[in-house]
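# Residue-level structural notes
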Amino acid sequence: MESAVGVATPAAQEKGNPDTVGIYVGLVVAAATLLVVLISGHAWTGIAARPTTFIIFAVVTIVLQFLMINVYDRGSISISGVGMLATGFVFGPGAAALVACAAAAAHAIVRRPLWYRALFNVAAFALSAAAGGAVYRALAVPGTGWLDSLNLYPATVASMSFTLVNLGLISTAMALAEGLSPVAVWRERFRWLTPHYVAFGTLALGLSVANNQVGVIGVIAFTLPPTLLSLVQRQYVARTRESVESLRDANAALGQSNAELAEMAIRLRLTLRNTTTA
């Protein structure tokens, strides 16, 4: 399975029950579809009041998703979650889910996953973005302006909810496919990413403040540094890909040699034992 928001880890050897995985993916997609249908009506009301702002946030999110970094074919990383959360902070969970679906479409265009993985990514995007937006709206202190430091608390909890839903869904899918536990998958592949996901809340709040105080110029100025950083990281990965692939080939060859040596040692011990017995 793939996590389009932050990490896209290729499926390992699938040892689980394919039917169970299919049922799980179907349930997640059905839940996301139902959620979008239920809350999209209210979302369009808010979007109609500020269409330009919504378009700006949507474009920022999609651009950040297009700039995802393919980590040597072992996964991909993007910071599009910042745009999803910022949309949820300003417009609410419905708008966040809609922007998340657009970002998932961008991910599918770049990565070209299998159709059921693409659907799962759309669902995971929508559910995690809606969760973050809903939690922020529920915890935000009424009457506080964007510059009030009290907003840091709901923003952080919102990003934690976003992280829990997104990584939880992905870890569970991988666990079912590979016959592992979700906790084991999270520890091995996503634990390192969790603090970065939680930091999305503060960044999303900053993006919301920049839009509220300065407008389009503020949004561009706020998103330009992480965008340039993503470009630099992409260039670094591209330049070092050949070296990493060479190391992988050498490691695979070494593993094969070790296996052959171990097999030879076993045969030698059996030969010595048979000779001694005779």
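Details of the structure are given in the entry above.
Residues numbered from 1 in each chain as written. Predicted model: local features only at pLDDT ≥ 70, side-chain atom pairs only at ≥ 80, totals over all residues. Heavy atoms only, no water.

### Things to note about the nonpolar core
Judged by nonpolar contacts, the single largest core of 57 residues is most densely connected at Val28, Met84, Phe89, Phe120 and Leu169. The set of elements that each furnish at least two residues to this core consists of α1 (18–49), α2 (51–66), α3 (80–91), α4 (93–111), α5 (115–139), α6 (152–178), α7 (182–190) and α8 (194–213). Per-element tally for this core: the top contributor is α6, with 10 residues. (Core = buried A, V, L, I, M, F, W, Y, C linked by side-chain atoms within 4.5 Å. Buried < 20%, exposed > 50% of the residue type's maximum accessible area, 1.4 Å probe, protein only. Helix = DSSP H or I, 4+ residues; strand = E, 2+ residues; numbered from the N terminus.)

### A word on the packing of α4 against α5
Closest axis-to-axis distance for the α4/α5 pair is 8 Å, and the angle between their directions is 150°. By the angle between their directions, the pair α4 and α5 is classed as roughly antiparallel. As α4 packs across α5, the resulting crossing turns out to be right-handed. Between α4 and α5, the residues in contact are Pro93, Ala96, Ala97, Ala100, Cys101, Ala103, Ala104, His107 and Ala108 and Ala118, Asn121, Val122, Phe125, Ala126, Ala129, Ala130, Gly133, Ala134 and Arg137, respectively. For the contact of α4 with α5, the per-class residue count stands at 15 nonpolar, three polar and one charged. (Axes fitted to C-alpha atoms, helices over the stretch in contact; angles between N-to-C directions. Parallel < 35°, antiparallel > 145°, perpendicular 65-115°, else oblique. Left-handed = near helix turned anticlockwise from the far one by under 90°. Contact = heavy atoms within 4.5 Å. Nonpolar A, V, L, I, M, F, W, Y, C, P; charged D, E, K, R; others polar.)

### Re a nonpolar patch on the surface
Nonpolar side chains collect at one region of the surface, where Val214, Val216, Ile217 and Ile220 lie side by side and expose about 370 Å² of accessible area between them. Mapped onto the fold, Ile220 is located in helix α9 (residues 216–277). A relative accessible area of 47% means that Ile220 is categorised as partly exposed. (Patch = residues over 30% accessible without salt bridge, like charges linked within 9 Å, V, L, I, M, F, W, Y side chains within 5 Å. Areas by Shrake-Rupley, 256 points an atom, 1.4 Å probe, with all protein chains shown as cover. Salt bridge = Lys/Arg side-chain N within 4 Å of Asp/Glu carboxyl O.)

### Focus: the packing of aromatic side chains
According to the stated counting rule, one finds seven aromatic pairs in the structure shown. Seen in terms of ring centroids, Phe89 and Tyr136 are 4.1 Å apart; in terms of plane orientation they differ by 25°. Their pairing is stacked. Note that Phe89 is positioned in helix α3 and Tyr136 in helix α5, a separation of 47 residues in sequence. Note on accessibility: Phe89 and Tyr136 belong to one class, buried. An aromatic cluster is defined as three or more aromatic residues linked by ring pairs; in this entry it consists of Phe54, Phe57 and Phe91. The aromatic ring of Phe91 is capped on one face by Arg50, whose charged end is 4.9 Å from the ring centroid. (Phe/Tyr/Trp six-rings, centres within 6.5 Å; stacked < 30°, edge-to-face > 60°. Lys NZ or Arg CZ within 6 Å of the ring centre and 35° of its normal.)

### Re α4
Over its 19 residues, α4 runs 26 Å from end to end, which matches the ideal 27 Å to within 8%, given 1.5 Å per residue. Here α4 has its buried residues at Gly94, Ala95, Ala96, Ala97, Leu98, Val99, Ala100, Ala103, Ala104, Ala106 and His107. Looking at the residues trailing α4, positive phi occurs at Arg112, about 50°. (Expected span 1.5 Å × (residues − 1).)

### Remarks on the side chain of Asn151
With respect to the secondary-structure elements, Asn151 resides in the loop between α5 and α6. When its relative accessible area of 3% is taken as the criterion, Asn151 is described as buried. Polar contacts involving the side chain of Asn151 include one to the side chain of Tyr136, which spans 3.4 Å. (Polar contact = N/O pair within 3.5 Å; in protein donor to acceptor, adjacent residues only side chain to side chain.)

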